[in-house]
Amino acid sequence: GGYYDRVVEMTVLNGLAQLNAILVPFAEPGGMRIVLSWASRPYDLDLWVSLASSPPGDTDFSVFWGQRNDPPEISPALAGVQLDRDSQLGYGPETVTVRSSTLPVALRVGVNVYGDGAGRVPPSTARCFTQPEQYDYSGCHFAGGERVEFYSSSGLLATSTYVGAVGDWW
């Protein structure tokens, strides 16, 4: 067991500070851990890991909040890929583990804005829809600063930070 060393920056303003630190457990040798983090809004982003050959949002070939794959329940090509944590009230993290036993396969990592219950008391994760007549979509978008990190057993391999999206997908 154990956790990766991480550097956390903190700003103190007028004697107040807020620190949101994420502890990332080591990936097993030959495996990978994928970590999504973001700020307080939107409340609910979702990390998806899919077969690269499937279209975005295809639930038959993806690991996501609705299909954690633990125990394996979808395509044999995704055996050993599982969602560890689904965060629904901001900040994250959402984590997916890719075990060393996973067959060599091309994967796609995506992030979806699922919900943002801003203005609700208490805050909720009301579902976002792209059609205005279904839901007020004004708060259901990426806010900037969203980040996906990829860890091997050796440490951080790569970081992808939000720069643009297609609809509610990045």
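In this text, all values refer to a predicted model and were calculated from it rather than measured experimentally. (Residues numbered from 1 in each chain as written. Predicted model: local features only at pLDDT ≥ 70, side-chain atom pairs only at ≥ 80, totals over all residues. Heavy atoms only, no water.)

Thoughts on the packing of aromatic side chains
Part 1 of the argument: Summed over all chains, the structure comprises seven aromatic pairs.
Part 2 of the argument: Among the aromatic residues, those joined into a ring-pair cluster are W48, F64, W65, Y114 and W169. (Phe/Tyr/Trp six-rings, centres within 6.5 Å; stacked < 30°, edge-to-face > 60°.)

Focus on the sheet that holds strand 7 (residues 94-98)
Part 1 of the argument: An order of 6-7-3-10-11 is seen for the five strands of this open sheet, with the pairing classed as antiparallel. At either end of the open sheet lies a strand with only one pairing partner, and these are strand 6 (81-85) and strand 11 (155-161). Strand-to-strand twist in this sheet, taken as the mean axis angle between neighbours without regard to direction, amounts to 20°.
Part 2 of the argument: Note: strand 10 (residues 147-152) against strand 11, six bridges, orientation antiparallel. (Pairing = 2+ DSSP bridges. Helix = DSSP H or I, 4+ residues; strand = E, 2+ residues; numbered from the N terminus. Axes fitted to C-alpha atoms, helices over the stretch in contact; angles between N-to-C directions.)

Comments concerning unusual backbone geometry
Part 1 of the argument: Residue P93 is bonded to the preceding G92 through a cis peptide linkage, with omega at 5°.
Part 2 of the argument: Looking at the element boundaries, P93 is found in the loop between strand 6 and strand 7.
Part 3 of the argument: The backbone of N69 sits at a positive phi, close to 65°, despite the residue not being glycine.
Part 4 of the argument: Take N69: it is sitting in the loop between strand 5 (62-63) and strand 6.
Part 5 of the argument: Unusually for a residue other than glycine, Y91 sits at a positive phi of about 70°.
Part 6 of the argument: The residue Y91 is located in the loop between strand 6 and strand 7 in this model.

Considerations on the side chain of E94
Part 1 of the argument: Within the fold, E94 resides in strand 7.
Part 2 of the argument: The buried charged residue E94 lacks any salt bridge, with R85 as its nearest oppositely charged partner at 7.0 Å.
Part 3 of the argument: Here L47 takes part through its backbone nitrogen, which lies 3.1 Å from a polar atom of the side chain of E94.
Part 4 of the argument: In contact with E94, not counting residues within four places along its chain, are I34, V35, L36, W38, D44, L45, D46, L47, L83, R85, D86 and S87. (Buried < 20%, exposed > 50% of the residue type's maximum accessible area, 1.4 Å probe, protein only. Lys, Arg positive; Asp, Glu negative; His and termini not counted. Salt bridge = Lys/Arg side-chain N within 4 Å of Asp/Glu carboxyl O. Polar contact = N/O pair within 3.5 Å; in protein donor to acceptor, adjacent residues only side chain to side chain. Contact = heavy atoms within 4.5 Å.)

Notes on the environment of L83
Part 1 of the argument: Tracing the sequence through the fold places L83 in strand 6.
Part 2 of the argument: A relative accessible area of 4% means that L83 is categorised as buried.
Part 3 of the argument: Taking the C-alpha atoms as reference, L83 lies 9.9 Å from R33; in sequence the two are 50 residues apart.
Part 4 of the argument: Every residue in contact with L83, bar those within four places of it in the chain, is listed here: V63, F64, W65, R68, E94, T95 and V96.

Here's the deal with the pattern of salt bridges
Part 1 of the argument: This structure, assessed with the given rule, holds three salt bridges.
Part 2 of the argument: Ionic pairing is found between R99 and E28, a salt bridge with its closest N-O pair at 3.6 Å. Of the two residues, R99 is situated in the loop between strand 7 and strand 8 (107-117) and E28 in the loop between strand 2 (16-17) and strand 3 (32-37); the sequence distance between them amounts to 71 residues.
Part 3 of the argument: Using a relative accessible area of 33% as the deciding quantity, one classes R99 as partly exposed.
Part 4 of the argument: On the basis of relative accessibility, which here comes to 30%, the residue E28 falls in the partly exposed class.
Part 5 of the argument: Across the pair R147 and E149 runs a salt bridge, and its minimum N-O distance is 3.5 Å.

Brief notes about the confidence of the model for the chain
Part 1 of the argument: Here the chain shows a mean pLDDT of 82. Residues at 70 or above account for 85%.
Part 2 of the argument: Confidence drops under pLDDT 50 across residues 131-137; counting only partners more than four residues distant or on other chains, this segment forms 14 contacts. (pLDDT = per-residue confidence, 0-100.)

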